[in-house]
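What follows is each chain in one-letter form.
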Amino acid sequence: MFFFKVKYFFLVSFLITQFSPYSAVSQLQKMVFVKKIGLHEGLSSVNVKKIIKDTKGFIWIATQDGLNKYDGKKIVSYGKETKGISLSNVDIWDMQLDTINNHLWILEYDALDCIDVVNQKTIKKYNSDFFSPLVGDNVWLKQMALIGDEIWIGTNSATIILNTKTNAISQLNSYSKSKRFEKSINSIESLFYENANCIWLMSPFEGITTINPINKSVINQYGFSDSAAITIKPNNNNRAFYSVKKINTNEHLCATTSGLITVYTDGKGQLDFNKGYKGFFFRETIKSVDYKNNKLLIATANGLYSIYNNKKIAFFDATSREYGDWFENITNVNEDESIIYIASQKGLGIITSKPWLEKFTKSLDNKRFEHTYFQHPVNDSVIFISTPNEFIKFNTSNLRAYSIAEGKPFYFSFLLDDSSLLVSSNNQFYIYKENRLLPVQNAYPELNKISSEAFNSMQRVNKDEYVLGSESQKGIYIWNKKTKTCLNISTESKSPRLLTNIVNYVFVNENKEIIVLSDNYVSRVNSTTGQVTNIQYKDALGKTYTFYFDLIEGKDFYAITVYGQGVLLTDKNFRIKKTYALKDGLTNLGVYKLFNYNDSIIYVTTNNGFAGINLKTGNLRMFFESDGLHSNSFEEGSGTIYKDKIFAGGNNGFTIIRPSELKLNSTPPKLYISRCFIETKKMLIDSSALELTKMGIPNDVLQTTIYFSAINWSNPDQIKFAWRVKERNNEWSNIGIQNFITLIGLSPGTYHIQVKAANEDGVWSEPKELVLEFLPKWYQTWLFKLLVFLATASIIYAFYRYRIRQIEKQHAIRKNIATDLHDDLGSTLNSVKVFTNLAISGVKQEESLQQVKDNLTEATMSLRDMIWVLDDSLDTVDELVTRLKQFAFPITAASSMELVISAGSDVNSRNLTKEEKRNLFLICKEAINNSIKYSGATQITIAIIPAGKKIQIIVSDNGKGFDEATVKKGYGLKNMQYRAGQIHYKLEVNSTSGTVIKIIPG
């Protein structure tokens, strides 16, 4: 798709008095420039049937191959399979807009569709199957009229009436009023809804029938032979009528194959006919008529015309190879807000009225101005033009061009006070007389010595003295007509003397000082004293400016163009006050000619556009080909002012600019958020509703693209956009002409996206806002975050409780150890103390010492047991077995008892908690001691086997056993049961034959 700007320029208006039968009044000719929209620009077909502008400002284009929507920059095409708006068929014959509901009715040759232009979707479809039961399979729908809830459709066989509320369809009954019209009109090609009392049905064979739309009765019928004013003949396509346009309540214009007919009505269906309109007559076919603001626009088989203020204007298409050929294919034309929209069999054409400029690319006789080196106007209508190979006299009144000389380029011309025109080619200096160029020495012999030189500029110094700038690198020449002298000032001169012979331009200021612009210097030559002052400007880095091309003088300033640097604004002493460059809005630093408008605006030609610098505000505005210029590229010396007009040219012709007519466009663009395109991992979501204000974005979104449309038909190519996200940054981000933004990586939340648009003069629209709600992923929801918080808190709390339990266990172990130390080791040491005292006193000394020894041995063993329990590296079943062996083997051997301890490999490596290790060891130790002391057994067996994730210990002996009822009351067994309970084990005792103690998980 390509974006386009309409160019419409009134380039000529000359008066021709006509005495032919076609017109009894004056006729003007007007060359216009048509912006043409075709296949290359995205149009579905160049055969355009009709164009309609909707209430939002968009243009809808009906073609032979689909429907198109145009906003001045981009075309969107719709067909059978397009998303949102889809058609039953693509060959469209008519369109009608329901402005109340914003519904666009599309009539295809065999179907009818209804489109919601705001929500951008098809809401109703009536295909051929809907119509065929009433009118058969060969129905051919041609044109329609909207009348309230009814749509009247003219076909090739009948008139169909569709009620859009009930979807009921009916055929208009035979409406013959007399024998002459007994046969019903069997082909209705055009309908016109006049008012609530009357609708016109037009047939190429029968004429016009007026119908009452309420009771469907015939009011009157008018055949082709009823009046001399309606002698209409069908054409080869069996067509007689094209369209009807209401001028006022009782006056209508009818476009027919036999010319323009004025139809007068009484408002109730009675018609009267008159050929022509206000004295203007057309014999050729009229394709379309439009009437607004007392201006009539007429499209004929031969061209496009306008009738306004009792003048007939013939339009010429300056963009066609031959004038008028594009206009000969018009099917529909209308004008809206000074813009003419043309439906043609060659595409869509748009003509924009811009009275502030006129563009010339060729003459009426098709002489093309492919490139212009200069333009020299000599009066209001005659201008001399130089192209690369020709010197031309061009008349802007009749658009005729006359070749004066060919074969070489001409660089410059100058008009003397006596109306003599001096002209310089690349190798010859001429004077123009009697429509031909003669050697300049024929009129001024003193110029013979420079007759073969080329010149690029000339200025008058005083009454008889002129200065010429040499293009041949020979400095400047001072020519005095009165004294008939020609003095050269160059690097070879003694006084005055220039520093270079290269001259780009000469200028004479209000003090009669000659200013010479060269590649490196601005030289000021005092014409009285001959003193030369050379100025060399430098940039901020000290680099010398080069290529000074033009200079203008204002009341208190000079302006100089410096190629590659921009525009220098200086004071009257040539001191720089301001430099205008890219940072100030220039689109190109290739600057050429300068024009001063009222000391308030400086206009500049460049290699990319025409610039206007407002000296009061400092604002800089650029104009381009899209504004109506001949081209964006200008020529170095192509620019002059004549009266209130600026003449500037280059590639593809030249432009006349009227600064006084250049008005600020104070109307901001109509802005719409036209589309929201969402790309997710699984699908694409596309919304094109114009009034979309809020949208949810899925949580698997990859990117979101928002498109905007801004309607500004006066200059759509220079619409600029800015946007912001209120939640992110309050500053606006300018994106130029880009009409979309892409959002990636926004976190979940609600965002207010705001967009605004500015026209070519920087007038901004009110912002449009779209609220986007980016939905969170499952792990970004508040519920998930709450669960994560609770889980984290629970884990922390569990860890906290675990640590507390571990500490409590440690405290319990320490307490138990302390208790053991106090109860066991403390009592043992106390016994040692007692027996030691006895030994010292001599009482049973030997026995007391032996008792001391035994007690110390027992204390040592208890202390080792406690150290073993506290050792972290010994917390396995295997270490428990080892410790049991270290304890039990010595004492069982001393008691002549056999000890067997068994533990399978599947339990040896299992870890035990300190509490388990301590209590299991002490239980086993107590059981072994009891067997040794009381059982009288010869063998003790300890078996350790797995019990789920824990272990089971069985301690048994082959002794005499005991009475469980008596022993259970003992301290030792209760202590064993208590220790088992502490580690969540339980103790089972069986003492029938021998004793078996099982320590099993509880």
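Only a predicted model underlies this, so the values are computations on that prediction, with no experimental measurement involved.

## Here we look at the overall build of the protein
Reasoning step 1: Summing up its helical and strand segments, the protein has eight helices and 72 strands in all.
Reasoning step 2: Here the protein has a C-alpha radius of gyration of 53 Å; the compact-globule value for 1002 residues is 30 Å, and the former is much larger.
Reasoning step 3: For the protein, the C-alpha atoms occupy an extent of roughly 165 × 105 × 40 Å along the three principal directions.
Reasoning step 4: Burial analysis of the protein (1002 residues in total) assigns 53% to the buried set.
Reasoning step 5: Put simply, 52% of the contacts in the protein that link residues at least 6 apart link residues at least 24 apart.
Reasoning step 6: A total of about 45600 Å² of accessible surface is found on the protein, and carbon and sulfur atoms cover 49% of it.
Reasoning step 7: Counting 115 positive and 99 negative side-chain charges, the protein places the centres of these two groups 2 Å from one another.

## A look at the sheet that holds strand β6 (residues 66-70)
Reasoning step 1: Strand order in this open sheet of four strands is β4-β5-β6-β7, and the pairing throughout is antiparallel. Edge positions in the sheet fall to β4 (48-53) and β7 (75-78), since each of these pairs with one other strand and no more. Across the sheet, the mean angle separating the axes of adjacent strands is 20° when strand polarity is ignored.
Reasoning step 2: Bridge analysis of β4 against strand β5 (residues 59-63) gives five bridges, and the strand direction is antiparallel. Bridging from a neighbouring strand, Ile51 pairs with Ile61 of β5.

## Observations concerning helix α6 (residues 914-935)
Reasoning step 1: With 22 residues, α6 extends 30 Å from end C-alpha to end C-alpha; this agrees with the ideal 32 Å at 1.5 Å per step.
Reasoning step 2: Most of α6 is tucked away, with 16 of its 22 residues classed as buried.
Reasoning step 3: Directly beyond the C-terminal end of α6, a positive phi value near 65° is found at Gly936.

## Notes on the sheet that holds strand β29 (residues 339-344)
Reasoning step 1: Read from one edge of the open sheet, four strands run β3-β30-β29-β28, paired in antiparallel fashion. At either end of the open sheet lies a strand with only one pairing partner, and these are β3 (35-37) and β28 (330-336). Strand-to-strand twist across the sheet, computed as the mean angle between neighbouring axes with direction ignored, equals 20°.
Reasoning step 2: In this sheet, β29 lies alongside β28 in antiparallel orientation, the contact comprising six bridges. From the neighbouring strand, Asp336 faces β29, where its bridge partner is Ile339.

## A word on the environment of Lys578
Reasoning step 1: If you trace the backbone, Lys578 turns up in strand β51 (residues 576-580).
Reasoning step 2: Separated by eleven residues in the primary sequence, Lys578 and Val567 place their C-alpha atoms 8.3 Å from one another.
Reasoning step 3: Of note is the side chain of Lys578, whose polar atom sits 3.1 Å from the side chain of Asp584.

## Here we look at helix α4 (residues 877-894)
Helical geometry: 3.6 residues make up each α-helical turn, so side chains three or four residues apart lie on a common side.
Reasoning step 1: Here α4 is 18 residues long and its end C-alpha atoms lie 26 Å apart, about the 26 Å a rise of 1.5 Å per residue gives.
Reasoning step 2: If you look at α4, its biggest bend is around 30°, right at Ala888, and the proline Pro890 turns up within four residues after that.
Reasoning step 3: Those residues of α4 lying buried are Val877, Leu880, Val881, Arg883, Leu884, Phe887, Ala888 and Thr892.
Reasoning step 4: Two residues or fewer after α4 comes Ser896, characterised by a positive phi angle close to 55°.

## Here we look at the pattern of salt bridges
Reasoning step 1: Inspection of every chain in the model, using the stated rule, returns 25 salt bridges.
Reasoning step 2: The salt bridge partner of Lys578 is Asp584, with a shortest N-O separation of 3.1 Å.
Reasoning step 3: In this structure Lys578 comes out as partly exposed when scored by relative accessible area, which is 29%.
Reasoning step 4: A single salt-bridge network, built from bridges that share partners, covers Lys245, Asp290 and Lys292.

## Section: the packing of α4 against α6
Reasoning step 1: With their axes 11 Å apart at the nearest point, α4 and α6 run at an angle of 20° to one another. In terms of orientation, α4 lies roughly parallel with respect to α6. The two elements α4 and α6 meet at a crossing, and its hand is right-handed. The residues of α6 that touch α4, namely those facing Leu880, Arg883, Leu884, Phe887, Ala888, Ile891 and Thr892, are Lys917, Leu920, Phe921, Cys924, Lys925, Ile928, Asn929 and Ile932.
Reasoning step 2: Within the contact of α4 with α6, the residues separate by chemical class into ten nonpolar, two polar and three charged.

## Some remarks on the confidence of the model for the protein
Reasoning step 1: With 90% of its residues at a pLDDT of at least 70, the protein reaches an overall mean of 86.
Reasoning step 2: Predicted confidence for residues 179-184 stays below pLDDT 50, and this span has twelve contacts to residues more than four positions away or in other chains.

## Section: the side chain of Ser45
Reasoning step 1: Topologically, Ser45 is positioned in the loop between β3 and β4.
Reasoning step 2: By relative accessible area, Ser45 is classed as buried at 10%.
Reasoning step 3: Not counting residues up to four positions away in its chain, the partners in contact with Ser45 are Leu39, Thr63, Gln64 and Asp65.

## A closer look at the pairing of strand β62 (residues 701-711)
Reasoning step 1: Of all the eleven residues making up β62, eight are buried; the element is thus mostly covered by neighbouring parts of the structure.
Reasoning step 2: Where strand β59 (residues 670-680) and β62 come together, ten bridges link them in antiparallel fashion. When the bridges of β62 are listed, Tyr672 appears paired with Ser709.
Reasoning step 3: Pairing of β62 with strand β65 (residues 740-743), which is carried by four bridges, proceeds in the antiparallel orientation. Counterpart to Ile706 in the pairing with β65 is Ile741.

## Some words on the pairing of strand β71 (residues 985-990)
Reasoning step 1: Of the two faces of β71, only one is covered, namely that formed by Tyr985, Leu987 and Val989; the face formed by Lys986, Glu988 and Asn990 stays uncovered.
Reasoning step 2: Where β71 folds back on strand β72 (residues 995-1001), the antiparallel hairpin that results is connected by four residues, among which Gly994 adopts a positive phi of roughly 80°.

## Brief notes about a nonpolar patch on the surface
Reasoning step 1: Judged by side-chain polarity, Trp782, Leu783, Leu786, Leu787, Phe789 and Leu790 come together as a nonpolar surface patch covering roughly 670 Å² of accessible area.
Reasoning step 2: When its relative accessible area of 49% is taken as the criterion, Leu787 is described as partly exposed.

## What to know about the packing of aromatic side chains
Reasoning step 1: All chains considered together, the criterion is met by 43 aromatic pairs.
Reasoning step 2: The interplanar angle of 45° and the centroid separation of 6.1 Å between the aromatic rings of Phe410 and Tyr430 together place this pair among those described as tilted. Within this pair, whereas Phe410 is found in strand β36 (residues 410-415), its partner Tyr430 is found in strand β38 (residues 429-433), the two being separated by 20 residues in sequence. Of the two residues, Phe410 and Tyr430, both sit in the buried class.
Reasoning step 3: One aromatic cluster in this structure is built from Trp356, Phe595, Tyr603, Phe610, Phe623 and Phe634.
Reasoning step 4: In this structure, Lys312 is placed above the aromatic ring of Tyr305, and the distance from its NZ or CZ to the ring centre is 4.8 Å.
Reasoning step 5: A cation sits over an aromatic face here: Lys756 above Trp764, 4.8 Å from the ring centre.

## Quick word on unusual backbone geometry
Glycine aside, a negative phi is what most residues show, and trans is what most peptide bonds show.
Reasoning step 1: Between Ser495 and Pro496 the backbone carries a cis peptide bond, its omega angle lying at -5°.
Reasoning step 2: Position of Pro496 relative to the elements: it lies in the loop between β43 (485-489) and β44 (505-508).
Reasoning step 3: Although it is not a glycine, Lys512 adopts a positive phi angle of roughly 65°.
Reasoning step 4: Of note, Lys512 is situated in the loop between β44 and β45 (513-517).
Reasoning step 5: Positioned with a positive phi, Phe574 is a non-glycine residue whose angle comes to about 65°.
Reasoning step 6: Examined against the element boundaries, Phe574 turns out to sit in the loop between β50 (566-570) and β51.

How each quantity is defined
- Residues numbered from 1 in each chain as written.
- Predicted model: local features only at pLDDT ≥ 70, side-chain atom pairs only at ≥ 80, totals over all residues.
- Heavy atoms only, no water.
- Helix = DSSP H or I, 4+ residues; strand = E, 2+ residues; numbered from the N terminus.
- Rg over C-alpha atoms; globule rule 2.2 N^0.38 Å.
- Buried < 20%, exposed > 50% of the residue type's maximum accessible area, 1.4 Å probe, protein only.
- Contact = heavy atoms within 4.5 Å.
- Areas by Shrake-Rupley, 256 points an atom, 1.4 Å probe, with all protein chains shown as cover.
- Lys, Arg positive; Asp, Glu negative; His and termini not counted.
- Charge placed at Lys NZ, Arg CZ, Asp CG, Glu CD.
- Pairing = 2+ DSSP bridges.
- Axes fitted to C-alpha atoms, helices over the stretch in contact; angles between N-to-C directions.
- Expected span 1.5 Å × (residues − 1).
- Polar contact = N/O pair within 3.5 Å; in protein donor to acceptor, adjacent residues only side chain to side chain.
- Bend = angle between axes of the 7 residues up to and from the residue.
- Salt bridge = Lys/Arg side-chain N within 4 Å of Asp/Glu carboxyl O.
- Parallel < 35°, antiparallel > 145°, perpendicular 65-115°, else oblique.
- Left-handed = near helix turned anticlockwise from the far one by under 90°.
- Nonpolar A, V, L, I, M, F, W, Y, C, P; charged D, E, K, R; others polar.
- pLDDT = per-residue confidence, 0-100.
- Patch = residues over 30% accessible without salt bridge, like charges linked within 9 Å, V, L, I, M, F, W, Y side chains within 5 Å.
- Phe/Tyr/Trp six-rings, centres within 6.5 Å; stacked < 30°, edge-to-face > 60°.
- Lys NZ or Arg CZ within 6 Å of the ring centre and 35° of its normal.

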